[in-house]
Amino acid sequence: MRSNLTIGSRYMMVVAHLGALITVIFWGTSFLSTKVLMERGGFTPVEMYVYRFALAYILLLAITAKHIRSRSWRDELTFFISGICAGSLYFITENYALRLTTAGNVSLLASLSPLFTTFLMALVFRQKLKTGALIGSVLAIMGVACIIFSNGESLEFRPQGDLLALSASLCWAIYTIAIRRVIPLYTSMFITRKLFFYGVITALPLLFIQREPYHLGLLFDIHQPQYILNMLFLVLLCSVSAYYIWNEAMKKLGSVTANNYLYMQPPITMIAGYFFLGEKIFLLGYIGCVLVVGGLIVSDKWKGKGDG
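Residues numbered from 1 in each chain as written. Predicted model: local features only at pLDDT ≥ 70, side-chain atom pairs only at ≥ 80, totals over all residues. Heavy atoms only, no water.

### Some details on the overall build of the chain
- Each helix and strand counted, the chain has 12 helices and zero strands in total.
- In the chain, the succession of α and β elements from N to C terminus is α-α-α-α-α-α-α-α-α-α-α-α.
- Split into buried and exposed, the 308 residues of the chain put 49% on the buried side.
- Taking as baseline every contact in the chain between residues at least 6 positions apart, the subset at least 24 positions apart corresponds to 88%.
- In the structure as shown, the chain presents an accessible area of about 15,800 Å², 69% of it carried by carbon and sulfur atoms. (Helix = DSSP H or I, 4+ residues; strand = E, 2+ residues; numbered from the N terminus. Buried < 20%, exposed > 50% of the residue type's maximum accessible area, 1.4 Å probe, protein only. Contact = heavy atoms within 4.5 Å. Areas by Shrake-Rupley, 256 points an atom, 1.4 Å probe, with all protein chains shown as cover.)

### Quick look at the side chain of Lys194
- Looking at the element boundaries, Lys194 is found in helix 8 (residues 188-209).
- Judged by relative accessible area, Lys194 falls into the buried class, the value being 8%.
- Apart from the residues lying within four places of it in its own chain, the contact partners of Lys194 are Ile68, Arg69, Ser70, Glu76 and Phe79.

### Considering the layout of surface pockets
- Put simply, the second largest pocket is a space of about 540 Å³.
- In this structure, the second largest pocket is lined by 23 residues; those nearest its centre are Lys130, Leu253, Val256, Thr257 and Ser299.
- Looking at the lining of the second largest pocket, the elements with two or more residues in it are helix 1 (2-40), helix 5 (113-124), helix 6 (131-150), helix 10 (255-260) and helix 12 (283-301).
- Top contributing element to the lining of the second largest pocket by residue count: helix 10, with four residues. (1 Å grid on protein atoms, 1.4 Å probe; cavity = no way out; pocket = protein on both sides within 12 Å on 5 of 7 lines; lining within 4 Å. Points joined across faces, edges and corners; volume = space filled by probe spheres on them.)

### Some words on the nonpolar core
- Counting residues in hydrophobic clusters, the biggest one holds 75 residues, and the most contacted among them are Trp172, Tyr175, Ile179, Phe196 and Trp246.
- Sort the elements by how many residues they give to this core and helix 9 (residues 225-253) lands first, with 12 residues.
- With near-sequence residues (within four places) excluded, Ile179 lies in contact with Phe79, Ser82, Ile191, Leu195 and Met250.
- Within the second largest apolar cluster, five residues are counted, among which are Leu120, Met121, Ala173 and Ile177. (Core = buried A, V, L, I, M, F, W, Y, C linked by side-chain atoms within 4.5 Å.)

By themselves, these figures tell us nothing about what the structure is for.
Okay, structure coming up:
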């Protein structure tokens, strides 16, 4: 019996690791659809966020309409904080950071989220920092830097944009810590729906006051199906499916291990750009991929002295 339980537990862990990888593949390739909608369709960053997650929320509400309220106001507050940190505040600070600093700075600083998560977990839950997690994070961040700079991006000190990018990274880490308490209490579908609701509600004021024209009508233009198709990809796979799988993966792997997979997004984005946009991959990009994967392995397998 014990042998069967062990095999079953290992199988579930493998599935969880695979789920985390699938999620970052969706998130890493989402830029392709976002690029089509923003560059060709003219959608603003706020429009992109609100339309994408509002549609995702409506879909989830149709599936889980029987269970609307959480069990307590404390849980509802947790969902509110998590929805802002993983939704409106995260995306909006990151988008505005892109206007004030270089894309290279934003990409690199945003990749610090797993490192913030590791330190916050140690601080909030008094967990000891593991040697492997720290060394693996450093290797992965070096790999991310190699991938970013292989595209000719520059690293410049621009305080306002850099602080916003760091804020976005910290927002995701706070979400990871906050949602940890309610993950065992609710289904991943319910949690995902709550995150989308509070994220959209808090972003709506920015949508209403934007000065640029709205582009919602393009999604219903039958003569230009590329817009609705790309939006559906973002809604169904990159939002509904990805967030659901991510919350399930965090249940099995824990917050720190799951968040380390976020280091894989830049390599995935780079590979997707090669196949779908014809972007070249340089030697520094290959080195970056090796460092990121190596960092993930070290984080998961390294057992330093005193780590337990």
